[in-house]
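Chain by chain, the residues run as shown.
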Amino acid sequence: MKKIALIPARYGASRFPGKMMAKLGDKTVILRTYESTVKTGVFDEVMVVTDSDIIFQEIVSNGGKAVMSKKEHECGTDRIAEAMELLDYDIVVNVQGDEPFTQKEPLEKLLRVFEGEEGKKVQVASLMQVLTDPQSIEDPNYVKVAVDKNFNALFFSRSVIPYPRAKDVQTIYYEHIGIYAFRKDTLMNFTRLEPTPLELAEKIECLRYLENGIPMKMVVTEYMGVEIDTPEDLEKAAKLL
């Protein structure tokens, strides 16, 4: 299978404007994300897709590959779908631009679910990690996911799911890590789907799949990185350098 990683990156962000160009050590967040994705070595190509001349120049001036997005988009998946129209790959991985500690092992596990007879049934997959910190579980910036016995997503929410009403039951909480893998046709079909009520309410784009009856396979990883959503996240990330 031919595999490409596309990194959607817009300059504006409601919670942390300009976060892609924020300095994390001696490099910007977006450059670190691009370089760490290339370093995994699991892709035939890695490319940033952006609506910003500043981000575009940041990548290409440092020897990377980037393409300008021509349209306004509600979510990163729509943005990379625009770029994929002219690209010929079997599997597309959407690596969020604010994931500067992208690692090889989680991506390999994610891509593996598309292999073999069972893998032929998988249309889209994503990563999650066990969440244990009570403050993070309560934090709406941490998207939680509930799964079935086969690790297909049941629901994504910024609220606490599942709600621990039964205090004598051990509850496992999973944080959704915003890295997705698609078959190309699935990605292109996504752009034809209108934003859905739950997606709009939660501001979680992958709910669009579930609301249209498209299963999403979830893969557990011990990723333990930091997604840069707020200035406080940037401070946490700096401690991991």
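Above this text you will find the structure in question.
Calculation notes
Residues numbered from 1 in each chain as written. Predicted model: local features only at pLDDT ≥ 70, side-chain atom pairs only at ≥ 80, totals over all residues. Heavy atoms only, no water. Salt bridge = Lys/Arg side-chain N within 4 Å of Asp/Glu carboxyl O. Buried < 20%, exposed > 50% of the residue type's maximum accessible area, 1.4 Å probe, protein only. Helix = DSSP H or I, 4+ residues; strand = E, 2+ residues; numbered from the N terminus. Polar contact = N/O pair within 3.5 Å; in protein donor to acceptor, adjacent residues only side chain to side chain. Contact = heavy atoms within 4.5 Å. Pairing = 2+ DSSP bridges.

Peer 1: Provide a residue-level description of the pattern of salt bridges, including the pertinent values.
Peer 2: Opposite charge on two side chains permits them to pair, given that their charged atoms come into close proximity. Counted by the stated rule, this structure contains 11 salt bridges. A salt bridge links Glu-118 to Lys-121, with the nearest nitrogen and oxygen atoms 3.2 Å apart. Judged by its relative accessible area of 57%, Glu-118 is exposed. One continuous salt-bridge network, built from bridges that share partners, spans Lys-19, Asp-98 and Asp-229.

Peer 1: I'd like a rundown of the side chain of Ser-126, residues and numbers included.
Peer 2: The topology assignment puts Ser-126 in strand S7 (residues 124-131). Residue Ser-126 is classed as buried on the basis of its relative accessible area, which comes to 0%. A distance of 2.7 Å separates the side chain of Ser-126 from the side chain of His-176, its partner in a polar contact. If we skip the residues at most four places from it in the chain, Ser-126 touches Leu-110, His-176, Ile-177, Ile-179, Tyr-180, Met-216, Lys-217, Met-218 and Val-219.

Peer 1: Account for the pairing of strand S8 (residues 144-147), with residues named and values stated.
Peer 2: When S8 meets strand S9 (residues 153-157), the two strands line up antiparallel, connected through 4 bridges. Across the sheet, the residue bridging to Ala-146 is Phe-155, located in S9. Two successive antiparallel strands, S8 and S9, enclose a turn made up of 5 residues, where Phe-151 displays a positive phi of approximately 65 degrees. Direction of pairing for S8 relative to strand S10 (residues 173-183): antiparallel, over a ladder of 2 bridges. Of the residues in S10, the one forming a bridge with Lys-144 is Glu-175.

Such coordinate-based values are descriptive only and should not be taken to indicate function.
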